[in-house]
Amino acid sequence: MKKTVIRSGLESLYFSGLHHLMRPLVGGVGAILTLHHVRPARPDAFQPNRLLEITPEFLEELLCQIKSAHLDVISLDEMHRRFITGEFKRRFVCLTFDDGYKDLKLWAYPLLRKYEMPFAVYIATSFPDRLGELWWLALEAVIAQNSRIGALINGKEQFFPSATVAEKRELYDAFYGYLRSMKTEDQLRAAVRDLCARYRVDIVSFCRELCMDWQEIVALSADPLVTIGAHTVNHKMLKKVPDEAAARAEMQMSRSVLEAALGKRPDHLAYPVGDPTSAGPREFRIAAELGFKTAVTTRPGVLFKAHRDHLMALPRISINGEFQQQRYVKVLMSGAATAMWNGFRRVNAA
Ligand SMILES: [Zn+2]
């Protein structure tokens, strides 16, 4: 439902040409794009996490479009420099990839090399350590592999049908929403571990299969085009970690582990999940206290000069795999759509 609204909203913005009219108002100085997986499309009907992946062809089109729009593609360090010096003569784009998947190396990296575009990769260090829980994929696997799911919901055993694709989709959305509504990340993880134990899904198998190992990350980081950023240790929604010291340790430890592995201290951070339920004022303050140069959220938006004072709460534009049409990206990058979502507030860092 929400997807349809977003899609038709983007369509009407695009076809009305409104984004052109709004560009001087909302266009800002630049944008940071968020990407996750880049890999060929798969035929499976049940792909609840498809929004997190785009095809190599779509990425190449996107890179060509950025090039022909004469936008500067710059590193996070250069973005930081421009904010500090106030040098905004040309609009810029930063490309960021979250989580460090193997498909980045396989499919995206050759294209980024071809177009000589710098990019950043945010690593949750438990992923190359092979201890990470990609719980959203574990949930997908449990539902994909079973036609009926039993789970303890609010302390009560309940059963749900998941035989058809429609049932699986509905159950995934409901379960995902239920998990995300939990007060703490520990509760969420316990519920997913319980589900994985019941249905014999190995929760750490996903980071083993999908995420780059340390050797691959070290090799990638040697390329001057690449910036490696921190993404915590365990990829927890930090706002759902009640103990401040534990939240701080997630950010600080991931930077230390990356520094030990790469011989270079990461200056940039991405909050896991990154929406307002995952990162808020406490997290922005801790990131500043730890001395990060920038920290990114997944709050949607383009960048304005005023973000100089909010470098620990930068918005990004997610390249959503459900909307692999260049015209959507154009509208998003014009800032028109995100300005509407944000009620025309330029900075949303509360
Ligand atoms: Zn992530």
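All chains use their own residue numbering, which begins from 1 and follows the written sequence. Where totals are concerned, whole chains, interfaces and linings use all residues; where local detail is concerned, this predicted model gives features only for residues with pLDDT of at least 70, and gives and counts side-chain atom pairs only at 80 or more. Only hydrogens and water are removed before side-chain values are computed, so all heavy atoms of the structure are retained for them.

A. Quick look at the overall build of the chain. By the criteria applied, helices consist of DSSP H or I runs no shorter than four residues and strands consist of E runs no shorter than two, each listed in order from the N terminus. Assigned secondary structure in the chain consists of 14 helices and twelve strands. We call a residue buried when its accessible area falls under 20% of the maximum for its residue type, exposed when it is over 50%, and partly exposed in between, using a 1.4 Å probe and counting protein chains only. In the chain, which comprises 350 residues, the proportion classed as buried is 55%. By definition in these notes, contact holds between two residues if any of their heavy atoms fall within 4.5 Å. Long-range contacts, defined as pairs at least 24 residues apart, comprise 73% of the intrachain contacts of the chain with a sequence gap of at least 6. Approximately 15400 Å² of the chain is accessible, and the part contributed by carbon and sulfur atoms is 56%. Residue-level accessible areas treat just the shown protein chains as cover; the underlying method is Shrake-Rupley with a 1.4 Å probe.

B. How the structure looks around the pattern of salt bridges. One side-chain nitrogen of Lys or Arg within 4 Å of one carboxyl oxygen of Asp or Glu is enough to make a salt bridge. For the structure on display, the rule yields 29 salt bridges. A salt bridge links Glu 53 to Arg 39; its shortest N-O distance comes to 2.8 Å. Highlighted residues: Glu 53 in strand S3 (residues 53-54) and Arg 39 in the loop between strand S2 (37-38) and S3, separated in sequence by 14 residues. Each member of the pair, Glu 53 together with Arg 39, is buried. For Glu 216, the salt bridge goes to Lys 102, with nearest N and O atoms at 3.1 Å. Of this pair, Glu 216 sits in helix H10 (residues 214-221) while Lys 102 is found in helix H5 (residues 102-114), placing the two residues 114 residues apart along the sequence. For Glu 216, a relative accessible area of 13% gives the class buried. Residue classification places Lys 102 among the partly exposed residues on the basis of a relative accessible area of 26%. Residues participating in the shared-partner salt-bridge network are Asp 72, Glu 78, Arg 81, Arg 82, Glu 87 and Arg 90.

C. View of the packing of aromatic side chains. Ring geometry is summarised as follows: Phe, Tyr and Trp rings, the Trp one being its six-membered ring, pair when their centres sit within 6.5 Å, and such pairs are stacked at plane angles under 30 degrees, edge-to-face over 60 and tilted between the two. Following the criterion strictly, the structure yields ten aromatic pairs and no others. A ring pair is formed by Phe 46 and Tyr 172, whose centres lie 6.4 Å apart and whose planes are at 70 degrees; its orientation type is edge-to-face. In this pair, Phe 46 is assigned in the loop between S2 and S3 and Tyr 172 in helix H7 (residues 165-180), connecting sequence segments 126 residues apart. According to the relative accessible area criterion, Phe 46 is buried, its value standing at 9%. The class for Tyr 172 is buried, based on a relative accessible area of 3%. The cationic tip of Arg 255 hangs over the ring face of Phe 292; the distance from NZ or CZ to the ring centre is 4.7 Å. We call a charge positioned above a ring when the Lys NZ or Arg CZ atom is no farther than 6 Å from the ring centre and deviates by at most 35 degrees from the ring normal.

D. Broad picture of the environment of His 310. When you line up the elements, His 310 lands in the loop between strand S11 (294-300) and strand S12 (314-318). Classification of His 310 as partly exposed rests on a relative accessible area of 29%. Sequence separation of His 310 and Phe 284 is 26 residues, and the distance between their C-alpha atoms is 8.6 Å. Among all residues touching His 310, those that are not within four sequence positions of it are Val 347 and Ala 349.

E. Up close: helix H3 (residues 56-68). Compared with an ideal rise of 1.5 Å per residue, which puts 13 residues at 18 Å, H3 spans 18 Å between its outermost C-alpha atoms and is within 8% of the ideal. Within H3, burial applies to Pro 56, Phe 58, Leu 59, Leu 62, Leu 63, Gln 65 and Ile 66. Take the number of residues in a helix, subtract one, and multiply by 1.5 Å to get its expected span.

F. Expanded view of the coordination of the zinc ion. At this site the zinc ion is bound by Asp 99 (OD), His 231 (NE2) and His 235 (NE2), with donor distances of 2.1 to 2.2 Å. Because water is not among the atoms used, a metal site may look incomplete, as its donors are only the N, O and S atoms within 2.8 Å, or 3.2 Å for Na, K and Ca. Mapped onto the sequence, the donors of the zinc ion take the spacing D-x131-H-x3-H. Remark: His 231 occurs in the loop between strand S9 (226-230) and helix H11 (244-262) and Asp 99 occurs in the loop between strand S5 (92-98) and H5; sequence separation between them is 132 residues. Overall, Asp 99 belongs to the buried group, its relative accessible area being 3%. We classify His 231 as buried; its relative accessible area is 1%.

G. The arrangement of the pairing of S5 in detail. The buried count for S5 comes to seven of seven residues, which makes it a mostly enclosed element. Along S5, one buried face is formed by Phe 92, Cys 94, Thr 96 and Asp 98 and the opposite face, lined by Val 93, Leu 95 and Phe 97, is buried too. As judged from the six bridges shared by strand S1 (residues 30-35) and S5, these two strands associate in the parallel manner. Bridging across to S5, Gly 30 finds its partner in Phe 92. With strands facing away from the observer, any crossover in which the path from the first strand over the helix to the second runs clockwise is taken as right-handed. Regarding the hand of the β-α-β motif, the stretch spanning strand S4 (residues 72-73), helix H4 (residues 76-85) and S5 is right-handed. Pairing between strands is defined by DSSP: at least two bridges between the two strands are required.

H. Structural detail: the nonpolar core. We define a nonpolar core as any set of buried Ala, Val, Leu, Ile, Met, Phe, Trp, Tyr and Cys residues linked to one another through side-chain atoms lying within 4.5 Å. Membership of the largest hydrophobic core comes to 70 residues, with the highest contact counts inside it found for Met 79, Leu 95 and Phe 119. Apart from residues no more than four positions distant in its own chain, Met 79 is found in contact with Ile 32, Ile 74, Phe 92, Cys 94, Thr 294, Leu 303 and Leu 314. Ranked by size, the runner-up nonpolar core spans 32 residues in total, among them Ala 124, Ala 138, Leu 195 and Cys 196.

I. Examining the pairing of strand S8 (residues 156-161) more closely. When strand S7 (residues 148-153) meets S8, the two strands line up antiparallel, connected through six bridges. The residue of S8 that forms the bridge with Ile 153 is Lys 156. Counting the residues that bridge the hairpin from S7 to S8 gives two residues, and of these Asn 154 lies at a positive phi of roughly 50 degrees.

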